[in-house]
There are 2 protein chains.
Amino acid sequence: MNLLEVDTLQQAVEKIKSSLSEIGFETEEVSLKEAYGRVLAGDIVSRENIPDFRRSTVDGYGVVAADTQGASESVPSILEITGQVLMGRPAEKEVHPGECMYVPTGGMVPEGADAVVMIEHTEIFGETEGEEHPETGELMVYSSLPAGLNVVQTGEDIARGDMVIPAGKKLTARDLAAMAALGYPTVSVYRRPVVAIISTGDEVLPVEETPGMGQVRDINSYGIMGLAMEEGFEIGSMELLKDEEKLLEEAVAKAMELADIVLVSGGSSKGKKDATAKVIDSLADPGVLTHGIALKPGKPTIIGYDRASATLLMGLPGHPAAAMMVFRLALVRAMREVTGQREDIPVKAVAETNLAAAPGRATAVPVRLVDDGTEVRAVPVLGKSGAITTLTAADGFIFTELNDEGIKAGQPVDVHLL
Amino acid sequence: MNLLEVDTLQQAVEKIKSSLSEIGFETEEVSLKEAYGRVLAGDIVSRENIPDFRRSTVDGYGVVAADTQGASESVPSILEITGQVLMGRPAEKEVHPGECMYVPTGGMVPEGADAVVMIEHTEIFGETEGEEHPETGELMVYSSLPAGLNVVQTGEDIARGDMVIPAGKKLTARDLAAMAALGYPTVSVYRRPVVAIISTGDEVLPVEETPGMGQVRDINSYGIMGLAMEEGFEIGSMELLKDEEKLLEEAVAKAMELADIVLVSGGSSKGKKDATAKVIDSLADPGVLTHGIALKPGKPTIIGYDRASATLLMGLPGHPAAAMMVFRLALVRAMREVTGQREDIPVKAVAETNLAAAPGRATAVPVRLVDDGTEVRAVPVLGKSGAITTLTAADGFIFTELNDEGIKAGQPVDVHLL
């Protein structure tokens, strides 16, 4: 393959992005119970103040803070109890100087009160002593409160109009909690892309079978399926084919009808790559957009697009680790950029060894993370690109751009978790 | 609450662990297509050598390395082509000194050959020049090969008997790929724990409704549901109740029949906590095991167990952030320890500010991560414990043990991602 024919990773990502944009992923409205892990299609903006009343953060008494100035264990302030606030109910009275009302945690702080003294710092005395939350009596307050203590102000948490969750966010448990708080029983999310996975190879057997000499089981289908699931894609179909152009053509044509993204992984050999490119060119228009990526591993990658069926087509390398790396670095990256998702936070680590950059190619080096307590070391997982252990032993990878000069032992590195 | 009545977090985790162990999570056999995200119940040990034949990593010619010693662009070695190896087929011939055979990527390296020269470093000449993989003719080899070059040895990747994936691993895409390689069409995983989620509170409304004064929507159910989904638990039921002991008792009794784990989240107020404890004690035997945890946030947590129905029961704090933190720090930690799962790798960061430890309590401080290129700073997310923004703005949390002395600004910290 001529280096002039290959795209940089960034060029490849741009081509995938433009294909994905043309495909277009409509939004759908799902209930909050079904929204976990889905990608948010529009900003969640608060339509309300949260809280929309002043709320107590403790079980205690709403007071005028100034009334407690100088109060201590030995010299309590004495206030008149005028009632109590019930949970889930508006406060029925105002608190005037010299007065107080019981307020439960989460309860509304009455008008007039500007702080809540914790029940542990008070004592009831007089005739209502011993009652739980008496409506009358006298309260000794043993601490001096600044204004605002134990009170959440109206809109303090979230004000009306605040953007709370940005479009593109892959929804987490915490996002669901926030949407529940803001009154979103349903939420608009992107439709999940449907992926068809096609593995090819005369030497590739279904996982149930025992390989003879020169044969291997179908690893790529499962690795790619898992990555697609992880990313929230829907698996439209999985198929394993022998190396016959006719079979590949039929399978790709069928897949183009049902899927948004058709992934063909075959041998990395030139002949197989050419067959995939030929099939894509024969079925798709405009057809093949990229004949290879300046990426190690992952060079023998084909990217194509069909406008009529709105399908992205990719020929992935035959080596499982390479196929999975291309899925992650090209397809996932493009999909996240198109939907506005933030990339995962990389782990900061220290390179264990020198890592040479591949001349003229971006490089992804699989690493294990070893946390020795003070620092996390990134230890390259050695193994030829076909190796299974490269897959299982790595926690993540270090990525070097096209023209990086490689990495020196001891240098800080970003590890992208796998 | 008396500090003497509360457990340390570690004690609480141990009690949950022993309850979970009593419940027992049977294993089930699922197909590889359904195994993503499930927790592996037994070690995956290789029953085979991978590869079980010597495999070429390139398209090229199998040669006797010694034959190429000293070969270069200007002084090629010349070898006799004696045939070719077909993909997925055993090599039919042996390579003797002076001979070579074409081998495709992934193909079997013939007996006798101990290296494969890349096709790019060769040229065919003589009468078969121009044919793709001729069975006869002469090959010029333009590079000098060390023995073993471009050859994966038998068992080099994985040897028979190697432990490849440990029991307890939550299966990733890469694990599925490895199991496919090793011939595991099905895999034994732990049954998913069934969780019932009960929210209580007179002031708590379904998410569809608009809160009046002193009311809030049901945040906890969705936050806990999301965390449970994230952890691979099955959601058995979700229910929102008014604060009535009778209703709670009925709901808990019903939940105990269908679920392994019943989670009740109500107000953090003493009265509500007591009601939950009372219901657990009335329905379950041995009943309440823990009346509180020395954890901030998360103190008002109740742990109980019922032997007859094999159900773990927990009363979670009413504050969403606290309830979710307890779920994460106590229940998830216990479940992971029981099933042998490894904890997630924390992100190394630098504390942005001093963080005081809570006296006598383990503390979880929610933080945002800010990557300024050279280091990642952990910036505490301020907010009272009921705040929604605490949920949405945090990337993770810093955990300090019971007797830690707090954290100083600039100190390295482990951030556990949320």
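Parameters at a glance
Residues numbered from 1 in each chain as written. Chains lettered and ligands numbered in written order. Predicted model: local features only at pLDDT ≥ 70, side-chain atom pairs only at ≥ 80, totals over all residues. Heavy atoms only, no water. Helix = DSSP H or I, 4+ residues; strand = E, 2+ residues; numbered from the N terminus. Rg over C-alpha atoms; globule rule 2.2 N^0.38 Å. Buried < 20%, exposed > 50% of the residue type's maximum accessible area, 1.4 Å probe, protein only. Areas by Shrake-Rupley, 256 points an atom, 1.4 Å probe, with all protein chains shown as cover. Lys, Arg positive; Asp, Glu negative; His and termini not counted. Charge placed at Lys NZ, Arg CZ, Asp CG, Glu CD. Contact = heavy atoms within 4.5 Å. Buried area = accessible area lost by both parts, 1.4 Å probe. Salt bridge = Lys/Arg side-chain N within 4 Å of Asp/Glu carboxyl O. Polar contact = N/O pair within 3.5 Å; in protein donor to acceptor, adjacent residues only side chain to side chain. Pairing = 2+ DSSP bridges. Axes fitted to C-alpha atoms, helices over the stretch in contact; angles between N-to-C directions. Least-squares fit on C-alpha atoms with pLDDT ≥ 70 in both. Parallel < 35°, antiparallel > 145°, perpendicular 65-115°, else oblique. Left-handed = near helix turned anticlockwise from the far one by under 90°. Nonpolar A, V, L, I, M, F, W, Y, C, P; charged D, E, K, R; others polar. Phe/Tyr/Trp six-rings, centres within 6.5 Å; stacked < 30°, edge-to-face > 60°. Expected span 1.5 Å × (residues − 1). Arc of directions from axis to C-beta. pLDDT = per-residue confidence, 0-100.

1. A look at the overall build of chain A
1) Next: Across its full length, chain A holds seven helices and 26 strands.
2) Next: For chain A, the C-alpha radius of gyration of 31 Å lies well beyond 22 Å, the compact-globule estimate for 418 residues.
3) Next: By the burial criterion, 56% of the 418 residues in chain A qualify as buried.
4) Next: Carbon and sulfur atoms make up 51% of the accessible area of chain A, which amounts to about 16600 Å² in all.
5) Next: Once the 36 positive and 64 negative side-chain charges of chain A are each reduced to a mean point, those two points are 12 Å apart.

2. Considerations on the interface of chain A and chain B
1) Next: Taken residue by residue, the interface counts 80 residues in chain A and 80 residues in chain B.
2) Next: For the pair chain A and chain B, the summed buried area comes to about 6800 Å², and 64% of that belongs to carbon and sulfur atoms.
3) Next: Taken together, chain A and chain B are joined by six salt bridges.
4) Next: Taking the shortest distance from any N to any O, the salt bridge between D395 of chain B and R342 of chain A comes out at 3.0 Å.
5) Next: There are twelve residue pairs in polar contact (both at pLDDT 80 or more) connecting chain A and chain B.
6) Next: Of the residues forming the side of chain A that touches chain B, the biggest block, ten residues, is contributed by helix α2 (residues 173–182) of chain A.

3. Description of the sheet that holds strand β4 (residues 60–63) of chain A
Residue and element names in this part refer to chain A.
1) Next: What the six strands build is an open sheet, ordered β7-β4-β6-β5-β9-β8; its pairing is mixed. Both edges of this open sheet fall to β7 (115–118) and β8 (122–125), since each of them pairs with a single strand only. Strand after strand, the sheet turns through a mean of 40° between neighbouring axes, direction not considered.
2) Next: Examined bridge by bridge, β4 and strand β6 (residues 99–103) share four bridges and lie antiparallel to one another. By the bridge assignment, G60 is partnered in β6 with V103.

4. Structural notes on unusual backbone geometry
1) Next: The omega angle of the peptide bond from K296 of chain A to P297 of chain A is -5°, so this bond is cis rather than trans.
2) Next: Locating P297 of chain A in the fold gives a position in the loop between β19 (295–296) and β20 (302–306).
3) Next: A cis amide bond links I50 of chain B with the next residue in sequence, P51 of chain B, at an omega value of -10°.
4) Next: Among the secondary structure elements, P51 of chain B is positioned in the loop between β2 (44–45) and β3 (55–56).
5) Next: Positive phi values are uncommon outside glycine, yet N150 of chain A reaches one of about 65°.
6) Next: Although it is not a glycine, A310 of chain A sits at a positive phi angle of roughly 50°.
7) Next: Along the chain, A310 of chain A falls in the loop between β20 and β21 (311–316).

5. Brief notes about the environment of Y142 of chain B
Residue and element names in this part refer to chain B.
1) Next: Position of Y142 relative to the elements: it lies in the loop between β9 (138–141) and β10 (151–152).
2) Next: Each C-alpha atom, one on Y142 and one on H121, is 5.3 Å from the other, the two residues being 21 residues apart in sequence.
3) Next: For Y142, the residues in contact, after removing those within four places along its chain, are A71, S72, E73, P76, H121, T122 and E123.

6. Things to note about the side chain of R217 of chain B
1) Next: Following the sequence through the fold, R217 of chain B ends up in strand β15 (residues 216–217).
2) Next: With a relative accessible area of 5%, R217 of chain B lands in the buried category.
3) Next: Looking at R217 of chain B, its side chain comes within polar contact range of the main-chain oxygen of V207 of chain B, at 3.3 Å.
4) Next: Excluding its chain neighbours within four sequence positions, the residues that come into contact with R217 of chain B are E48, A180, A181, L182 and G183 of chain A together with V204, L205, P206, V207, E209, T210 and P211 of chain B.

7. Digging into the relation of the copies chain A and chain B
Here two copies of a chain appear, and what relates them is a rotation about an axis with a shift along it.
1) Next: The two copies are related by a screw operation: chain A maps onto chain B through 180° of rotation and 0.1 Å of translation along the axis, at an RMSD of 0.1 Å. Taken together, these values place the two copies in the relation of a two-fold axis. For chain A, the smallest separation between a C-alpha atom and the rotation axis is recorded for V347 of chain A, amounting to 2.7 Å.

8. Overview of the packing of α2 of chain A against helix α3 (residues 220–230) of chain B
When two helices pack together, their arrangement is given by the angle between the helix axes and the distance between those axes.
1) Next: Orientation of α2 of chain A relative to α3 of chain B, taken along the N-to-C sense of each, is 160°, at an axis distance of 7 Å. Classified by the angle their axes make, α2 of chain A and α3 of chain B are roughly antiparallel. In terms of crossing hand, the pair formed by α2 of chain A and α3 of chain B is right-handed. Judged by residue contacts, A173, L176, A177 and A180 of chain A of α2 of chain A engage Y222, G223, M225, G226, L227 and E230 of chain B from α3 of chain B.
2) Next: Counted by class, the contact of α2 of chain A with α3 of chain B contains seven nonpolar, two polar and one charged residues.

9. Quick word on the packing of aromatic side chains
Residues and elements named next belong to chain A.
1) Next: All told, the structure shown has four aromatic pairs over all chains when counted by the stated rule.
2) Next: Look at Y61 and Y102: their rings are 5.6 Å apart centre to centre, the planes differ by 75°, and that puts the pair in the edge-to-face class. A residue pair is termed long-range when its members are at least 10 positions apart, and Y61 in strand β4 and Y102 in strand β6 qualify at 41 residues. For the pair shown, Y61 and Y102 are each scored as buried.

10. A few points about the sheet that holds strand β18 (residues 286–290) of chain A
All names here are of chain A.
1) Next: The strand order across the open sheet built from six strands is β16-β13-β17-β21-β20-β18, with neighbouring strands paired in mixed fashion. Every interior strand has two partners, whereas the edge strands, β16 (234–241) and β18, have only one. Each strand axis lies, on average, 20° off the axis of its neighbour in the sheet, ignoring direction.
2) Next: Relative to strand β17 (residues 261–265), strand β13 (residues 194–200) runs parallel, the two being bridged by five bridges. Residue pairing across strands places I197 opposite L263, the latter belonging to β17.

11. Quick notes on the pattern of salt bridges
Residues and elements named next belong to chain A.
1) Next: Tallied over the full model, the rule gives 36 salt bridges over all chains.
2) Next: The salt bridge partner of R191 is E26, with a shortest N-O separation of 3.0 Å. One end of the pair, R191, is in the loop between β12 (186–190) and β13; the other, E26, is in the loop between α1 (9–23) and β1 (27–31), with 165 residues separating them in the sequence.
3) Next: Looking at E26, the relative accessible area reads 48%, which means it is partly exposed.

12. Some points on α1 of chain A
Residue and element names in this part refer to chain A.
1) Next: When the terminal C-alpha atoms of α1 are compared, their 21 Å separation across 15 residues agrees well with the 21 Å that a helix rising 1.5 Å per residue should span.
2) Next: When we look at burial in α1, the residues that qualify are L9, A12, V13, I16, K17, S19, L20 and I23. Down the axis of α1, the buried set is contained in an arc of 165°. They therefore lie on one face.
3) Next: One or two residues past the end of α1 sits G24, with phi positive at roughly 75°.

13. Considerations on the side chain of D7 of chain A
Residue and element names in this part refer to chain A.
1) Next: Along the chain, the position of D7 falls in the segment before α1.
2) Next: On the basis of relative accessible area, D7 is assigned to the buried category, the value being 9%.
3) Next: For D7, the side chain forms a polar contact with the side chain of K15, separated by 2.7 Å.
4) Next: The residues touching D7, leaving out its near neighbours within four places in the chain, are A12, K15, L289, T290, G292, I293 and A294.

14. Describing the confidence of the model for chain A
1) Next: Here chain A shows a mean pLDDT of 91. Residues at 70 or above account for 96%.
2) Next: For this predicted complex, the interface confidence reaches an ipTM of 0.85, while the overall pTM sits at 0.86.

15. Observations regarding the environment of T311 of chain B
All names here are of chain B.
1) Next: Considering the arrangement of structural elements, one finds T311 in strand β21 (residues 311–316).
2) Next: The exposure class of T311 is buried, given its relative accessible area of 0%.
3) Next: For the pair T311 and A255, spaced 56 residues apart in sequence, the C-alpha to C-alpha distance is 9.1 Å.
4) Next: Aside from chain neighbours lying at most four places away, what touches T311 is I23, M256, A259, D260, I261, V262, G304, Y305 and D306.
5) Next: Of the polar contacts made by the side chain of T311, one reaches the backbone oxygen of M256; its length is 3.3 Å.

16. A word on the environment of L40 of chain B
Residues and elements named next belong to chain B.
1) Next: Assignment of secondary structure puts L40 in the loop between β1 (27–31) and β2.
2) Next: Distance from L40 to G318, taken between C-alpha atoms, is 34 Å for residues 278 residues apart in sequence.
3) Next: With near-sequence residues (within four places) excluded, L40 lies in contact with I165, P166, A167, G168, K169, L171, V187, S188, V189 and Y190.

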